[in-house]
Every structure is written in C-alpha cells, then in structure tokens.
Amino acid sequence: MSKFRNWRFWVLAIFGFVAFQVSSAIAQDGIGSASAIRNRVEGIIGGDARTLAAGSEVFRNEVLRTGEAADAKLVFLDDTNLSVGPRSEVTLDRFVYDGDGTAGSVVVRATRGIFRFVTGVQRPQNYLIATPIATIGVRGTIFDLLVQQDRIIIILI
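Model, not experiment: these values are computed from the prediction.

Quick word on the pairing of strand E3 (residues 48-51)
In this structure, strand E2 (residues 41-45) lies alongside E3, joined through four bridges in antiparallel fashion. Directly across from glutamate 42, in E3, lies its bridge partner threonine 51. In this structure, the hairpin formed by E2 and E3 is closed by a connection of two residues, where glycine 46 is found at a positive phi of approximately 55 degrees.

Following this line, the structure appears as structure tokens:
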C-alpha cells in the first residue's frame, strides 16, 4: 500500500511541475512579433529555446540569437522596428506601452552583432539600448548599431 501512495505522490508532483511550467510560459508578456525571419533565428525564454518563424510572437525578457547567415525583423506593439543581423544576440529586456502615450518604456540589451533600430510611437525618452560598453538614449530616430567585444559603432540615419 505504501508503494501505491508514493506512486500517487510522484504523479501529482510531476503533474504540478508541468502545470507550473506551462502557466509560466503562458504568463509571458507578448510585446510584438517577427515580421520576417531568414534562416535560423532562436528565441530563448527562461532557458527554453525555440525556433522563430515569420509571425512568431516575441516576449519580454526573451533572448534572440541569429545564426551565421540569419536575420530577423521584429515589430513591437508600439510600432518600434528592430532588425537583427547575422551572428547577433539581443535581449528584449523591458517593454511597457499603454497605447495612449502617457507611460512607456522600451529597453533592449544588444550583446553582440549588428542591428537597426527604428523608434515607434512612444515618447523619445522612453527608448534605451544597452550594450556591454555604453547605454544609448534614443531620441526618436533610426540608427544602425554594431556591437563588438571591445567597441560599438553607431550610424545615425
């Protein structure tokens, strides 16, 4: 009889763990979607990796990695556009958008690679790009960014 009770305990424990994992994934905040994907682009949330395709939703705190000949074009809910070039990594750190322009925040962490950032409809001071070397305050514009281990290059469009 005690073996039977242990078995039921483990089944319930495993069921509870799986339910928690599923509810955690569902609770992620969707902040936009991939409008275009070329080759292998990976999204990582909480250690779980997935392959992105055009139309895939992207989430707050998701890490995006592109492969050797891959790139991604993302459009956030506030119409911000982020293009991620080959062999690049970026974390979609924070995204707040209330729809009426009174509150908001967009923070991305560009770890390595090449990017194009086009601001959306939020107030200019709501955008921030963090890199390993510097933090860039965006003021309503388009710019390209190359992040390397020992330098960053910014081209203002």
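Quick notes on the packing of aromatic side chains
Here the structure, examined in full by the defined rule, presents four aromatic pairs. With centroids separated by 6.5 Å and ring planes inclined at 55 degrees, the aromatic side chains of phenylalanine 95 and tyrosine 97 adopt a geometry described as tilted. Between phenylalanine 117 and tyrosine 127, the aromatic rings sit 6.0 Å apart at their centres with planes inclined by 75 degrees, giving edge-to-face as the arrangement. In this pair, phenylalanine 117 sits in strand E9 (residues 104-118) while tyrosine 127 sits in strand E10 (residues 127-130), placing the two residues 10 residues apart along the sequence. The class for tyrosine 127 is buried, based on a relative accessible area of 1%. Three or more aromatic residues joined by ring pairs make a cluster, and in this case those are Phe76, Phe95 and Tyr97.

With respect to the pattern of salt bridges
Side-chain pairing between opposite charges can occur once the charged atoms of the two side chains come close. Counted according to the given criterion, the structure contains 10 salt bridges. Here arginine 60 ties to aspartate 29 by a salt bridge, and the two come within 2.9 Å at their closest N and O atoms. With arginine 60 in the loop between strand E4 (57-59) and strand E5 (62-66) and aspartate 29 in the loop between helix H1 (2-26) and strand E1 (30-38), the pair connects residues that are 31 residues apart, well separated along the chain. The class for arginine 60 is partly exposed, based on a relative accessible area of 29%. Residue aspartate 29 is classed as partly exposed on the basis of its relative accessible area, which comes to 35%. For the salt bridge of arginine 40 with glutamate 42, the shortest nitrogen-to-oxygen distance reads 3.5 Å. Here the salt bridges do not stand alone but share partners, grouping Arg65, Glu89 and Arg112 into one network.

Procedures and definitions
- Residues numbered from 1 in each chain as written.
- Predicted model: local features only at pLDDT ≥ 70, side-chain atom pairs only at ≥ 80, totals over all residues.
- Heavy atoms only, no water.
- Pairing = 2+ DSSP bridges.
- Helix = DSSP H or I, 4+ residues; strand = E, 2+ residues; numbered from the N terminus.
- Phe/Tyr/Trp six-rings, centres within 6.5 Å; stacked < 30°, edge-to-face > 60°.
- Buried < 20%, exposed > 50% of the residue type's maximum accessible area, 1.4 Å probe, protein only.
- Salt bridge = Lys/Arg side-chain N within 4 Å of Asp/Glu carboxyl O.

That is the geometry; function is a separate question.
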